[in-house]
Amino acid sequence: MKQEKMTLDEFRLSELRLYPNATGELSNLLREIGLAAKRIYSVISRNGEPGISDSTDMRNTSGEIVKPLDRYAHQELLTVLKHSLSCAGIVSEEEENILVFNNKGNNNSRYVVMFDPIDGSSNCNNCMTVGTIFGIYRRCTEAGTPCSAKDFLQTGRNLAAAGYIIYGVSTMMVYATKRGVNGFTLDPSIGEFCLSHPAIRCPEAGRIYSVNESNILNFGSAVGQYIKSMQQYNLAYPGFFTARYVGSMVADLHRTLLEGGIFLYPATEDHQDGKLRLMYECNPFAFIFEAAGGMAIDGYREILSIAPVNIHQRTPLFIGSRDMVTRLSRFIKYENRTGSGYPPTCST
Ligand code: P6P
């Protein structure tokens, strides 16, 4: 009889057996996030229905126009996490402030969750891939009391788990714990996420760079020189490097995680601190990539070491194959030392 693929729940149970003292709260949270993702998937997959992606007159903390889909996804995640009794509170891109689930059951929870309910929702209108991004922290305040900002303003290195759901040609949930990164593809015929990508590793070297090149004159010389060095290498070795940019972070980073490469979102004139959010976009992906052997920096520091001061703060992001990110950081260090951005012996 064909071995059925392991479902997310079965996988979590197999992991739980390795930790006899585990309470199962983290597994519960992942199951609930998976449930919300299935409901979000069912709406997105009917995206052609009138009204789902129309813009509202509201704007979120990123100043982006809020779509009903953003609010729907936010509400779905909020509801399942509150009812899970394994989450003391949340931070969402769609809410200015922390949402504390201040009741006896949730106050006894050991975790808090941060998420971007739908990243890149503007792409929905063109049937492009979008995603949900989440990070799960253990509380650092005492269980039994309401959670507070202190529970959320932790460095990414403290994450207990982080992941994303990609709504694309297929819908996948990828999450990481310190034990590694695993991917689960939704099988709509049984309504379950099934293990399809066990023990994901990010290729150490890559040949794809992913950046919005319209801003390249804005990036500062080190990043510009780094990109130019790959274009020059292509003159000698045509097609060695290539560029791919979807404009949807989850799509670009999912490809980078599986195929290797580097994704760059530097600071620009109109986003002097970078555009992407540290707490619920960059930290979760940095956690995932490091768990898969990749690397993530803001140009000077590891993303996971940044001490956050604001739940919605932004950061520049350079993330992907360890070799490519390391090479970029050599360009940046050289520029800082010499004022120009092209290190002498910088073989690709
Ligand atoms: P730009 C989508 O709006 C998003 O937040 C990310 O998903 C994506 O990587 C980035 O912005 C794209 O930004 O400036 O290139 O359009």
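Because the structure is predicted, anything quoted here is derived from the model rather than measured.

Caption draft 1: The arrangement of the sheet that holds strand S10 (residues 242-243) in detail. Judged by pairing direction, the sheet is mixed, and its five strands sit side by side in the order S10-S9-S11-S13-S12 without closing on themselves. Unpaired on one side and paired on the other, S10 and strand S12 (295-297) mark the two borders of the sheet. Alignment of strand S9 (residues 208-210) against strand S11 (residues 262-265), held across two bridges, turns out to be parallel. In the strand pairing of S11, Tyr209 is matched with Ile262.

Caption draft 2: The arrangement of the pattern of salt bridges in detail. Overall, the coordinates contain 10 salt bridges when judged by the stated rule. Here Arg110 and Glu25 are joined by a salt bridge, their closest N and O atoms 3.4 Å apart. Residue Arg110 is found in the loop between helix H4 (104-107) and strand S3 (111-119), and its partner Glu25 is found in helix H2 (residues 25-44); the two are separated by 85 residues along the sequence. Among the residues examined, Arg110 registers a relative accessible area of 35% and is labelled partly exposed. Judged by its relative accessible area of 12%, Glu25 is buried. Through salt bridges with shared partners, one network takes in Arg157, Glu290 and Glu302.

Caption draft 3: View of the packing of helix H1 (residues 8-16) against H2. For the pair H1 and H2, interaxial distance at closest approach is 10 Å and the crossing angle is 170°. Between H1 and H2, the angle is such that the two are roughly antiparallel. Each of Leu8, Asp9, Arg12 and Leu16 in H1 lies in contact with H2, whose residues at this interface are Leu26, Ser27, Leu30 and Arg31. For the contact of H1 with H2, the residue count by class is four nonpolar, one polar and three charged.

Caption draft 4: The arrangement of the state of the cysteines in detail. Taken as a whole and assessed by the stated rule, the structure comprises zero disulfides. No disulfide involves Cys147; its sulfur sits 7.3 Å from the nearest other cysteine sulfur, which is in Cys87.

Caption draft 5: Looking closely at the site of the ligand. Near the ligand you find 11 residues, and of these Asp119, Asn212, Tyr245, Met249 and Tyr265 are the closest. A distance of 2.9 Å is found between an oxygen atom of the ligand and a side-chain nitrogen or oxygen belonging to Asn212. Contact with the protein chains removes 82% of the 400 Å² of surface that the ligand exposes when unbound. For the shell around the ligand, the residue count by class is four nonpolar, four polar and three charged. When residues of the shell around the ligand are assigned to domains, at least three fall in each of domain 1 (8-197) and domain 2 (208-346).

Caption draft 6: Representation of the side chain of Gln154 in the model. Take Gln154: it is sitting in the loop between helix H5 (149-152) and strand S5 (159-167). Taking relative accessible area as the criterion, Gln154 reaches 8% and is therefore assigned buried. There is a polar contact of 2.9 Å between the side chain of Gln154 and the backbone oxygen of Arg138. Setting aside its immediate chain neighbours within four residues, Gln154 contacts Tyr137, Arg138, Cys140, Met279 and Pro308.

Caption draft 7: Examining the sheet that holds strand S8 (residues 192-197) more closely. Taken in spatial order, the eight strands line up as S2-S1-S3-S4-S5-S6-S7-S8 in an open sheet, and their pairing is mixed. Strands with a single pairing partner mark the edges of an open sheet, and in this sheet they are strand S2 (99-100) and S8. The pairing of strand S4 (residues 130-138) with S5 spans eight bridges and is classified as antiparallel. Looking at the pairing, Ile133 lines up with Tyr164 of S5. Across the face of the sheet, H1 comes into contact with strand S6 (171-177), strand S7 (180-187) and S8 while running at roughly 15° to S6. Its contacts with the sheet place helix H8 (residues 278-291) against strand S1 (89-92), S3, S4, S5, S6 and S7, and it is angled at close to 100° to S5.

Caption draft 8: Focus on the side chain of Thr256. Residue position: Thr256 is located in helix H7 (residues 249-259). Setting aside chain neighbours within four positions, we find Thr256 in contact with Cys202, Gly261, Ile262, Phe263, Phe289, Ile319 and Gly320.

Caption draft 9: Representation of the packing of aromatic side chains within the structure. Scanning the entire structure with this criterion turns up nine aromatic pairs. Considering the side-chain rings of Phe240 and Phe241, the 4.8 Å spacing of their centres and the 75° angle between planes classify their relative orientation as edge-to-face. Assessed through its relative accessible area of 23%, Phe240 is described here as partly exposed.

Reading the values: the criteria
- Residues numbered from 1 in each chain as written.
- Predicted model: local features only at pLDDT ≥ 70, side-chain atom pairs only at ≥ 80, totals over all residues.
- Heavy atoms only, no water.
- Pairing = 2+ DSSP bridges.
- Helix = DSSP H or I, 4+ residues; strand = E, 2+ residues; numbered from the N terminus.
- Salt bridge = Lys/Arg side-chain N within 4 Å of Asp/Glu carboxyl O.
- Buried < 20%, exposed > 50% of the residue type's maximum accessible area, 1.4 Å probe, protein only.
- Axes fitted to C-alpha atoms, helices over the stretch in contact; angles between N-to-C directions.
- Parallel < 35°, antiparallel > 145°, perpendicular 65-115°, else oblique.
- Contact = heavy atoms within 4.5 Å.
- Nonpolar A, V, L, I, M, F, W, Y, C, P; charged D, E, K, R; others polar.
- Disulfide = S-S within 2.5 Å.
- Near = heavy atom within 4 Å.
- Polar contact = N/O pair within 3.5 Å; in protein donor to acceptor, adjacent residues only side chain to side chain.
- Areas by Shrake-Rupley, 256 points an atom, 1.4 Å probe, with all protein chains shown as cover.
- Domains from an automatic or database assignment.
- Phe/Tyr/Trp six-rings, centres within 6.5 Å; stacked < 30°, edge-to-face > 60°.

Function cannot be inferred from these measures alone, as they are strictly geometric.
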